[in-house]
Amino acid sequence: MINDLSKIRNIGISAHIDSGKTTLTERILYYTKRIHRISEVKGKDGAGATMDFMELERERGITIQSAATYTVWDDHHVNIIDTPGHVDFTIEVERALRVLDGAILVLCGVAGVQSQSLTVDRQMRRYKVPRLAFINKLDRSGANPRRVSEQLREKLGHNAVMMQLPIGVEAAHEGVIDLVTMQAVHFQGDNGEHIVRSEIPAELRDEAETAREAMLDAVSMFSDELTEAILEERVTEELIHQAVRRGTLSRELTPVFMGSAYKNKGVQLLLDGVVRYLPCPTDVENTAVDLTNDEAPIVLSADPQKPLVALAFKLEEGRYGQLTYTRVYQGTLAKGTNIVNSRTQRRHKVGRLVRMHADEMEDIESASAGDIVALFGIECASGDTFTDGSIEVAMSSMHVPDPVVSIAIKAKDNKAQDNLAKALGRFVREDPTFRSAVDPESNETVISGMGELHLDVYIERMKREYKVEVQTGAPQVAYRETISQRADFHYVHKKQTGGSGQYGKVAGYIEPLPEGDERPFEFVNEVRGGAIPTEYIPAVEKGFRSSLDKGRLIGFPVIGMRVVVNDGQAHSVDSSEMAFQAAARGAFRSCYAQAKPIILEPVMKLAVEGPSEFQGAVLKTVMQRRGTVIGTTEEGGFCRVEAEVPLAEMFGYATDLRSQTQGKAEFTMEFARYLQCPKEATETLLEKYADRRRDEE
Amino acid sequence: MYRRYLNARSPLRLLEKGLHGGLGPGNLGLVLAGPGVGKTSFLVGVALDDLLRGKPVLHVALDHTVSHVRVFYDTVFEDLAATTHLANAKAVHAEIDRLRRIRAYSPGAFDAKRLREALDLEAGLGARPELIVVDGLDVAQRSREELAQWGAVARASEAEIWISAPVGSERIPSLPEPLRPVEDLFGVILALEPEGAGHPGGHDAVALRALKDHDSPDLAALHVALDPKTLLLIRS
């Protein structure tokens, strides 16, 4: 256990899918001696990169799960939280970002800042994560670190400062010039493990001097001491490091490192940068909410002596049972002690505590504030907070978006039913954006999530991890209904079937909530003089609320509606809560059509990137899908098309885009907003709904 | 009718009244301004005027990203919609988004040839912009031959092309020296200057003044004050 918090770094490595993140992670583990051989990503030699431990990930060459692994560099304890590289898994990225103190933003030296980098960067900004940049793949043809560094400034608005210069690029890439020490650095040995520092080659001397001056200029903004030292020509390495660290922590400076992870160049210097410039747990302020005081925010202190506060940020069912990845924010988490889940109030005993290294683990006795460890066999959900029971706090709730797409699934044989239930139970606990429910009408199991790929991955995991083959229905878009104008209602519910009858009368109107009001529903009681007895008002509200689950246009939930009840009548014998609920439902039925209901559809923000020559083809794929092109950016032979496209039109887009662009373009997509469905699409939906209802009868 | 009111606050109304008939299709217009005075806002105002009339617009950004430009449009539009109580603002907004294309290039990499390529591409998709605004072109560094090419593109596409160019100082008393030799290539040349007692971080208004109006010698007719944030007319 490391007691000195200044020697802990919790970092993430975040990047576009193909920028070589997994290779970089693996090299880091190699140089820090956590693994003893290097294998390639995408399973070329069958072993696969160590971080990519899920079979599925191995096959696709991408990392989906954010596992945490720890390693040691220069006497510092570094926890690496692997963040997924696809927008469909945004919740995973965001959860991982929550527990990081700093991050490496990996950029491809050829393609530079791509759409995914933009998304990830925006997320990091939201979670206030200080970053270093690593420009990778300098050995590739077309690599240009200067241009990428410029893009960091222009496209991402970073105050990017190159800390290094390349010695040769493309096939001639040999090493880097360290602008702090003003030395040439070469990486020798079979795996680049021997660092050889020498004089800067004469032909690069001038360029290096200029670049160092620019670096000092930018960095001195953060240190008066350094500014003075520059004037008096007594700059020391230590002064530069201090200034860069200050700038990085304030998130007003992004130091840029470079090299080629694949060719074993530059990784060790990047690690030095991580240790020198990225924050330790005490540099970052973390807050929780006080559950005893109306969720008022309280600042946690990374003090091992204080009461425990820990966040379960990731669940995983590995081959040894259920693992809960946990970040300790305050206090100490020790084996054999009791901890309390703030959400469920349940008490758990810490049986086993481990440190994770990809898919191996090491038992430990305790972990203190600032550390990231895994708990064994604790029942909980992702995002739960644990304390020692002496305080009632929760880490502030994380923003969880509503799912936008759903799909009906059915196990292919009945024997698999049990396993299916098990799989769904676990996925739901692991990922709050993944939901599972049984449709009461069709009795089908319906899973929902943030995109087609998101659901595809879970369907594959069912097959691989739980041996459940499922049949899937067509993906279903999460439409909404809303009303567009005011409509009055005046409804009497009356039933007389011997004995006591049912009687309830309600009057009032429904109207759209004003634009910008995010609430799904508002109920306003304006009944005067007890026209409806007060005790029945909740029943009226309940009746309206129950009508919202299924709109009368196409059977989707109704949002953005205000109900105002201003009159009614009760009967001294025949009125009941049930009667008023029924009256409210009847009132809604009677006036919904007059309120001119419309369909809202989820619209996705789409970004497609590829070589400029395919721009026309890409634009066409957008137009064909009722898309609105927002804009196009052209740079260095690449173009990026940004558009908004209804989700309903995006199924199968990956395949179509591949065939239109010979597989050279790629896209990212995330939910943007709900928009009114245009007339033609509305008509199609109405017809389909009518057909379905006929079939059901 | 709301839209007419919306458009009544556009600086374009003045161009049409003050200038003798506006810029006109096939012509190049140039607007000069110092740093931070509002080149982009002015062009966005001009573009919105056409967009609100249902005309397609191409916006070329040379020193902004696509999303940055979009925020400009959204801000000016929302301000307009709020102050004029525009009905059905959401639908109008969506329509504007559909009619507008933003294209971002790195500043050095854009010229008349790239513009022609972009227009061909748009034409292939069935969109012919009637107005093209080019934000942040270093006009003073371009050759006369190249600027003549821009004129040719304007005539061939029958579009109005408004170009904004940065100048070094806030005050622009007359056409800067380096632009004199190419003055004849532009139909209209305007200058934007801060007006009123400046306080830190802003100024009271922005003055719009004509430095050239086709062949008309009467330049005094156009001199108006615009809101410094949205560059819409302060007094209509």
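Residues numbered from 1 in each chain as written. Chains lettered and ligands numbered in written order. Predicted model: local features only at pLDDT ≥ 70, side-chain atom pairs only at ≥ 80, totals over all residues.

## Considering the overall build of chain B
And then number 1: The helix and strand tally for chain B stands at 7 helices and 8 strands.
And then number 2: Looking at chain B residue by residue over its 236 residues, the buried ones come to 42%.
And then number 3: Taking all contacts inside chain B whose residues are at least 6 apart in sequence as the whole, residues at least 24 apart take part in 75%. (Helix = DSSP H or I, 4+ residues; strand = E, 2+ residues; numbered from the N terminus. Buried ≥ 20, exposed ≤ 12 C-beta atoms within 10 Å, placed from the backbone. Contact = placed C-beta atoms within 7 Å.)

## Let's talk about the overall build of chain A
And then number 1: On a plain count of helices and strands, chain A comes out with 16 helices and 38 strands.
And then number 2: Split into buried and exposed, the 697 residues of chain A put 48% on the buried side.
And then number 3: Long-range contacts, defined here as pairs at least 24 residues apart, represent 71% of the contacts in chain A between residues at least 6 apart.

## A word on the packing of helix α1 (residues 21-31) of chain A against helix α9 (residues 267-277) of chain A
All names here are of chain A.
And then number 1: Contact geometry of α1 with α9 gives a least axis separation of 10 Å together with a crossing angle of 85 degrees. In terms of orientation, α1 and α9 fall into the roughly perpendicular class. Where α1 approaches α9, its residues L24, R27, I28 and Y31 are matched on the opposing element by V267, Q268 and L271.
And then number 2: Of the residues belonging to the contact of α1 with α9, the class tally is 5 nonpolar, 1 polar and 1 charged. (Axes fitted to C-alpha atoms, helices over the stretch in contact; angles between N-to-C directions. Parallel < 35°, antiparallel > 145°, perpendicular 65-115°, else oblique. Nonpolar A, V, L, I, M, F, W, Y, C, P; charged D, E, K, R; others polar.)

## A look at the pairing of strand β35 (residues 597-611) of chain A
All names here are of chain A.
And then number 1: The pairing of strand β30 (residues 480-483) with β35 spans 4 bridges and is classified as antiparallel. Directly across from I483, in β35, lies its bridge partner P597.
And then number 2: The sheet contact formed by β35 and strand β37 (residues 638-646) spans 9 bridges and is antiparallel. Within β37, the position partnered with V603 by the bridge is P646. (Pairing = 2+ DSSP bridges.)

## Section: the sheet that holds strand β10 (residues 194-198) of chain A
All names here are of chain A.
And then number 1: Here 4 strands make up an open sheet; going across it, the order is β7-β8-β9-β10 and the pairing antiparallel. Pairing within the sheet leaves two strands with one partner each, and these edge strands are β7 (164-167) and β10. Pairwise comparison of adjacent strand axes, ignoring direction, gives a mean angle of 30 degrees for this sheet.
And then number 2: The pairing of strand β9 (residues 183-188) with β10 spans 5 bridges and is antiparallel. Note that in β10 the partner of H186 across the bridge is V196.

## Overview of the interface of chain A and chain B
It is common to give the size of an interface as the accessible area lost on bringing the parts into contact.
And then number 1: Contacts between the two partners involve 17 residues from chain A and, on the opposite side, 17 residues from chain B.
And then number 2: At the level of elements, α14 (615-623) and β36 (628-635) of chain A are the ones that each hand at least two residues to the side of chain A that touches chain B.
And then number 3: Sort the elements by how many residues they give to the side of chain A that touches chain B and β36 of chain A lands first, with 8 residues.
And then number 4: For the side of chain A that touches chain B, the per-class residue count stands at 5 nonpolar, 6 polar and 6 charged.
And then number 5: By the bridge criterion, 4 bridges tie β36 of chain A to strand β3 (residues 100-105) of chain B in an arrangement that is parallel. Pairing of G631 of chain A across the sheet is with I102 of chain B, part of β3 of chain B.

## Some words on the sheet that holds strand β12 (residues 286-290) of chain A
Residue and element names in this part refer to chain A.
And then number 1: Strand order in the open sheet formed by 3 strands is β13-β12-β24, and the pairing between neighbours is antiparallel. Since the sheet does not close on itself, it has two edges, and those belong to β13 (296-300) and β24 (393-395), each with one partner. On average, adjacent strands in this sheet sit at an angle of 45 degrees to one another, irrespective of strand direction.
And then number 2: Pairing of β12 with β24, which is carried by 3 bridges, proceeds in the antiparallel orientation. Its bridge partner being in β24, V289 is matched across the sheet by A394.

## Some thoughts on helix α5 (residues 145-154) of chain A
For an α-helix, 3.6 residues make a turn, and residues three or four places apart therefore share a direction.
Residues and elements named next belong to chain A.
And then number 1: Within α5, burial applies to P145, V148, S149, Q151 and L152. Within α5, the buried residues cover an arc of 155 degrees as seen down the axis, which keeps them to one side.
And then number 2: Contacts from the buried residues of α5 go to β4 (102-108), β5 (131-136), β6 (160-162), β7 and β11 (254-258). (Arc of directions from axis to C-beta.)

## Re the confidence of the model for chain A
Regions with low pLDDT carry predicted coordinates that are not meant to be interpreted in detail.
And then number 1: Mean pLDDT over chain A stands at 85; residues scoring 70 or higher make up 89%.
And then number 2: For residues 59-66 of chain A, every residue scores under 50 in pLDDT, and the model assigns this stretch 28 contacts once sequence neighbours within four places are set aside. (pLDDT = per-residue confidence, 0-100.)

## What to know about the pairing of strand β4 (residues 131-135) of chain B
On a regular strand, one side chain projects to one face of the sheet and the next to the other, so that they alternate.
Residues and elements named next belong to chain B.
And then number 1: In terms of residue burial, β4 counts as a mostly covered element, since 5 of its 5 residues are buried.
And then number 2: Because side chains alternate across β4, one face comprises the buried residues L131, V133 and D135, and the other comprises I132 and V134, equally buried.
And then number 3: Bridge analysis of strand β2 (residues 57-61) against β4 gives 5 bridges, and the strand direction is parallel. Within β4, the position partnered with V57 by the bridge is L131.
And then number 4: Two strands pair when backbone bridges link them, and β4 and strand β5 (residues 160-166) are joined in this way by 5 bridges, in the parallel orientation. The residue bridging L131 from the neighbouring strand is E160, located in β5.
And then number 5: Assessed by its sense of winding, the connection that carries the chain from β4 through helix α7 (residues 144-157) to β5 is right-handed. (Right-handed = clockwise from strand over helix to strand, strands pointing away.)

## A look at unusual backbone geometry
Residues and elements named next belong to chain A.
And then number 1: Positive phi outside glycine occurs at D75, with the angle close to 70 degrees.
And then number 2: If you trace the backbone, D75 turns up in the loop between β2 (68-73) and β3 (76-82).
And then number 3: Accessibility expressed as a C-beta count within 10 Å gives 9 for D75, which makes it exposed.

## Re the nonpolar core
And then number 1: Residues I104, A133, F134, V219, V256 and F257 of chain A are the most contacted members of the largest nonpolar core, which totals 103 residues.
And then number 2: Residue assignment places this core across two domains, with domain 1 (5-283) and domain 2 (286-395) of chain A each supplying three or more.
And then number 3: Contact partners of V256 of chain A, with chain neighbours within four places excluded, come to A133, I135, S149, L152, A160, V161, M162 and M163 of chain A.
And then number 4: If you look at the next biggest cluster of nonpolar residues, it comprises 100 residues, including V608 of chain A together with L51, V134 and V139 of chain B. (Core = buried A, V, L, I, M, F, W, Y, C linked by C-beta atoms within 7 Å. Domains from an automatic or database assignment.)

## Focus: the environment of Q305 of chain A
And then number 1: Its place among the elements puts Q305 of chain A in the loop between β13 and β14 (309-318).
And then number 2: In this structure the C-alpha to C-alpha distance between Q305 of chain A and Q330 of chain A, which are 25 residues apart in sequence, comes to 8.1 Å.

## Overview of the environment of T472 of chain A
Residues and elements named next belong to chain A.
And then number 1: Here T472 is to be found in strand β28 (residues 470-472).
And then number 2: A tally of 13 C-beta atoms within 10 Å means that T472 is categorised as partly exposed.
And then number 3: Between the C-alpha atoms of T472 and K412, which are 60 residues apart in sequence, the distance is 9.8 Å.
And then number 4: Ignoring anything within four residues of it in the chain, the contact list for T472 reads I407, I409 and I459.

## What about the packing of helix α10 (residues 417-430) of chain A against helix α11 (residues 452-466) of chain A?
Residues and elements named next belong to chain A.
And then number 1: The N-to-C vectors of α10 and α11 enclose an angle of 125 degrees; their axes lie 10 Å apart at closest approach. Viewed along their axes, α10 and α11 adopt a mutual orientation that is oblique. α11 is crossed by α10, and the crossing has right-handed handedness. Residues N419, L420, K422, A423 and F427 of α10 form the contact with α11, whose participating residues are Y458, M462 and Y466.
And then number 2: In terms of residue class, the contact of α10 with α11 is built from 6 nonpolar, 1 polar and 1 charged. (Left-handed = near helix turned anticlockwise from the far one by under 90°.)

## So, the confidence of the model for chain B
Residues and elements named next belong to chain B.
And then number 1: Chain-level statistics for chain B give a pLDDT mean of 80 and a share of 77% at 70 or above.
And then number 2: At the low end of the mean pLDDT range in chain B sits helix α1 (residues 2-8), at 52; at the high end sits β2, at 95.
And then number 3: Note on residues 197-201: pLDDT is under 50 here. Beyond four places in sequence and across chains, it has 2 contacts.
And then number 4: Scoring of the predicted complex yields 0.64 for pTM and 0.83 for ipTM.

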